[in-house]
Amino acid sequence: MTVTPDIHAPIEHTKLLIGGEFVDALDGKVFDTINPSTGEVITQVAEGSAADVDRAVAVARDAFENGPWRRMKPNERAAALWRLGDLLLADADEMGRVETLDQGKPFAFAKGGDVPSAAGLFHYMSGFATKLEGATIPISAPGNFHTYTRREALGVVGLIVPWNFPLTISAWKLAPALAAGNTVVLKPAEATPLSALRLGQLALEAGIPPGVFNVVNGYGSTVGQRLAEHPDVDKVSFTGSTATGRRILDSAKGNLKRVTLELGGKSANIIFPDADIEAAIAGSSAGIFFNAGQACAAASRLYVHDDVYDEVIAGMAEKARQIKVGDGFDPTSEIGPVASKEHFDRVSGYLEVGKGEGEVVTGGARLGERGYFIEPTIFAGAAPDARIIKEEIFGPVVVASRFSDTDDVIAQANDTRYGLASGVWTSNVSTAHSVAARIQAGTVWVNSYGVFDPSMPFGGMKESGWGREMGHDVMHDYTDVKTVCVNIDG
Ligand code: NAD
């Protein structure tokens, strides 16, 4: 059933979630959260400080050391996470409304994409709670030993997330962290705190004990930094820009906490002449314009073989012009605004840089006078060292280049400090696998783009980060291995 959300209905949770209670910041501060479709204030949200992080970490530590979560039977922990997935699905209308208000993305995508995707994470990861197994090891040291490994939770984990997929990226981190028995303090991005707070309420309803999942809203330079440097936090998992990732590393070095970094990207999407051109045009357009280009894996560098270049660029330009950009609550909108005024200014700056570095095929301007809307934009003809080819724009902006030689296009694709994702379009199975093997990126999509699943590990090579989200691999990032060596002769 299609429900038209009441965009003016009150927002239920706007405080900090600490120890199972929604509480004010210690100093009583609040900040505005803004609807990027209108530029208007949605509501005020408690603004945490370093002192609030300290209190949330103390609560999470106590919940880890003394609470039931880590000692629960694994199947009970699994059941609670599964219930959280179910509750999210049941809450899709309200969670979707909150996400669209705060982030701007079309309600149909928030409700029909982000919410089920986050729910899928809790369902999938719940299964690991019962499968965190070690190994028995036949050792050769003199004597008679029974040696085995245990996979143990790390302790208190800090999660710092960005504003492009506030709910989904929170779920990427939260679901495996909790499945392993850790306790968590989550810092949402300052632009988009609302869905994490609602998720906290649902977690309590699902039976996840108070203190296991805490949320402290606030700014990166205060709350984020304190979480990353806190001596009693055992691990920090961060998603955001590469520049902030470096700061997180600096902050984390005090107690040498474990660090996962999911950072920026400038992903190359390569179209060979033997590709299904219609599919390549559709997939490449969605690959860059989806979520107004605010996707770390966005297909932002497009390389098209000379033989099909004109056809592909004409097709993508037509698609770009047809995309309906508008308010997230207009049911005809296909993409919304970019998520904040600050980000709008940043992307607009790159549009001006691009006009000096290449030719505008389509787009290149803001849309309307209200809200933060940007035209889907294609640049072409920029030099390989142009800023629009080298730097992450994180907006609905793709830069197209020609190629004629496979070795050359692979060299161009890899000529970046990033290594997050890539696309290859070809009907030749040898080209598909050989190019996939040579691209330096954590994920390569062939004849598709942007396919995500809780079972697929996702993360970066090079300066796109350390570690993986999702799949089996993520559990290594939220657990430690302990070796137990028992002298069984006495
Ligand atoms: P950002 O780095 O500005 O902020 C991300 C988060 O870090 C926010 O919560 C912010 O408050 C916090 N933060 C800022 N300064 C901090 C500090 N000194 N210490 C601790 N925390 C701090 O990134 P953004 O602009 O919100 O997000 C866009 C970036 O995220 C892009 O570069 C994008 O590619 C990247 N991203 C990567 C992935 C991935 O999986 N690799 C996914 C989504 C987004």
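Structure first, text after, so check above.
Within any chain, residue numbers begin from 1 and follow the written order of that chain's sequence. Restriction of local features to residues with pLDDT of at least 70 applies here, the model being predicted, together with a cutoff of 80 or more for giving and counting side-chain atom pairs; totals for whole chains, interfaces and linings are based on all residues. Working from all heavy atoms in the structure, the side-chain values ignore hydrogens and water.

Caption draft 1: How the structure looks around the packing of helix H4 (residues 107-126) against helix H5 (residues 166-179). H5 packs onto H4 with a crossing angle of 10 degrees between their chain directions and a minimal axis gap of 9 Å. Here H4 is positioned roughly parallel relative to H5, judged by the angle of their axes. Note on element contacts: H5 touches H4 through Leu167, Thr168, Ala171, Trp172, Leu174, Ala175, Pro176 and Ala179, opposite Asp114, Val115, Ser117, Ala118, Leu121, Phe122 and Met125. Among the residues making up the contact of H4 with H5, the classes are represented as 12 nonpolar, 2 polar and 1 charged. Fitted lines through C-alpha atoms give the axes, limited to the stretch in contact for helices. The angle between two N-to-C directions lies from 0 to 180 degrees. Here a helix means four or more residues in a row that DSSP labels H or I, a strand means two or more in a row labelled E, and each is numbered from the N terminus. Relative orientations are named as follows: roughly parallel for angles under 35 degrees, roughly antiparallel for angles over 145 degrees, roughly perpendicular for angles from 65 to 115 degrees, and oblique for any other angle. By the convention used here, residues are in contact when the closest approach between their heavy atoms is within 4.5 Å. For this classification, the nonpolar set comprises Ala, Val, Leu, Ile, Met, Phe, Trp, Tyr, Cys and Pro, the charged set comprises Asp, Glu, Lys and Arg, and every other residue, Gly included, is treated as polar.

Caption draft 2: Main features of helix H10 (residues 306-322). In a regular helix each residue adds 1.5 Å, so 17 residues correspond to 24 Å; H10 covers 25 Å between its end C-alpha atoms and thus fits that length. Between buried and exposed lies partly exposed: a residue is buried under 20% and exposed over 50% of the maximum accessible area for its type, with that area taken using a 1.4 Å probe on protein chains only. Along H10, the positions that sit buried rather than exposed are Val308, Tyr309, Val312, Ile313, Gly315, Met316, Ala317 and Ala320. Given a helix with a known number of residues, its expected span is that number minus one, times 1.5 Å.

Caption draft 3: Highlighting the site of the ligand. Here, proximity means that at least one heavy atom of the residue falls within 4 Å of the molecule or strand. What surrounds the ligand is a group of 30 residues, the closest being Val161, Glu190, Thr244, Leu263 and Glu392. Counting of polar contacts relies on pairs of N or O atoms within 3.5 Å, with two restrictions inside protein: one atom must be capable of donating a hydrogen and the other of accepting it, and residues adjacent in sequence are counted only when both atoms are side-chain atoms. Between Thr244 and the ligand, the recorded distance is 2.8 Å, taken from a side-chain N or O atom to an oxygen atom. Backbone polar atom of Leu263 to a nitrogen atom of the ligand: 2.7 Å apart, as the coordinates give it. Among the residues forming the shell around the ligand, the class breakdown is 15 nonpolar, 10 polar and 5 charged.

Caption draft 4: Spotlight on the packing of helix H1 (residues 50-66) against helix H7 (residues 220-229). Relative to each other, H1 and H7 sit at 40 degrees, their axes nearing to 8 Å. For the element pair H1 / H7, the angle class is oblique. Crossing of H1 against H7: the hand is right-handed. Facing H1, whose interface residues are Ala50, Val53, Asp54 and Val57, H7 presents Val223, Arg226 and Leu227. Of the residues assigned to the contact of H1 with H7, the class counts are 5 nonpolar, no polar and 2 charged. Crossing handedness is defined as follows: a turn of the near helix away from the far one that is anticlockwise and smaller than a right angle gives a left-handed crossing, while the clockwise case is right-handed.

Caption draft 5: Here's a closer look at the packing of aromatic side chains. Here is the rule: rings of Phe, Tyr and Trp (six-membered ring for Trp) pair when centre to centre is within 6.5 Å. Planes less than 30 degrees apart are stacked, more than 60 are edge-to-face, and the remainder are tilted. Applying the stated rule across the entire model yields 13 aromatic pairs. Here Phe109 and Phe290 contribute two aromatic rings whose centre-to-centre distance is 5.8 Å and whose plane-to-plane angle is 50 degrees, an arrangement assigned as tilted. Of this pair, Phe109 sits in helix H4 while Phe290 sits in the loop between helix H9 (277-289) and strand S13 (301-305), and the two are 181 residues apart along the sequence. Here the aromatic cluster, defined as three or more aromatic residues joined through ring pairs, consists of Trp172, Trp445, Tyr449, Phe452 and Phe458. Across from the ring centre of Tyr478, 4.9 Å away, lies the NZ or CZ of Lys235, which sits over that ring. Note on geometry: a ring has a charge over it if NZ (lysine) or CZ (arginine) is within 6 Å of the ring centre and within 35 degrees of the ring normal.

Caption draft 6: Structural view of the side chain of Arg198. By secondary structure assignment, the location of Arg198 is in helix H6 (residues 194-205). The class for Arg198 is buried, based on a relative accessible area of 12%. Residue contacts for Arg198: discarding those within four places in its chain leaves Glu12, Asp91, Glu94, Met95 and Val98.

Caption draft 7: Region of interest: the pairing of strand S3 (residues 30-35). Only one face of S3 is buried, namely the one carrying Phe31, Thr33 and Asn35, since none of Val30, Asp32 and Ile34 on the opposite face is buried. Both S3 and strand S4 (residues 40-46) contribute to a ladder of 6 bridges, which runs antiparallel. Counted as the bridge partner of Phe31 is Val45 from S4. Being paired, for any two strands, means DSSP has found at least two bridges between them. What sits between the antiparallel neighbours S3 and S4 is a turn of 4 residues, in which Gly39 has the positive phi angle 80 degrees.

Caption draft 8: Looking closely at the sheet that holds strand S6 (residues 145-153). Judged by pairing direction, the sheet is antiparallel, and its 3 strands sit side by side in the order S5-S6-S20 without closing on themselves. Strands with a single pairing partner mark the edges of an open sheet, and in this sheet they are strand S5 (136-137) and strand S20 (479-487).

Caption draft 9: Molecular detail of the sheet that holds strand S17 (residues 421-425). In space, the 7 strands of this open sheet follow the order S14-S15-S16-S13-S12-S17-S18, with mixed pairing throughout. Because the sheet does not close on itself, it has two edges, and the strands there are strand S14 (359-362) and strand S18 (443-446). The mean inter-strand angle of the sheet, taken between neighbouring strand axes irrespective of direction, is 25 degrees. In terms of strand pairing, S14 meets strand S15 (residues 377-380) through 3 bridges, oriented antiparallel. Counted as the bridge partner of Glu359 is Ala380 from S15.

Caption draft 10: Spatial organisation of the environment of Arg321. Mapping Arg321 onto the fold places it in helix H10. Judged by relative accessible area, which is 55%, Arg321 ranks as exposed. For Arg321 and Gly363, which are 42 residues apart along the polypeptide, the C-alpha to C-alpha distance reads 7.7 Å. Beyond its immediate sequence surroundings of up to four residues, Arg321 is in contact with Val361 and Thr362. Among the polar contacts listed, one links the side chain of Arg321 to the side chain of Thr362, at a separation of 3.4 Å.

Caption draft 11: Looking closely at the nonpolar core. In this structure, Leu88, Phe122, Val184, Leu199, Ile208, Ile270 and Ile271 are the most contacted members of the largest nonpolar core, which totals 118 residues. No other element matches the 9 residues that H5 contributes to this core. Once you skip the residues sitting within four places of it in the chain, Leu88 turns out to touch Met95, Val115, Ala118, Ala119, Phe122, Leu167, Leu199 and Leu202. In these notes, a set of buried Ala, Val, Leu, Ile, Met, Phe, Trp, Tyr and Cys residues joined through side-chain atoms within 4.5 Å is what counts as a nonpolar core. Core analysis: the next-biggest nonpolar cluster, separate from the first, contains 23 residues, Leu16, Ala25, Ala228 and Val259 among them.

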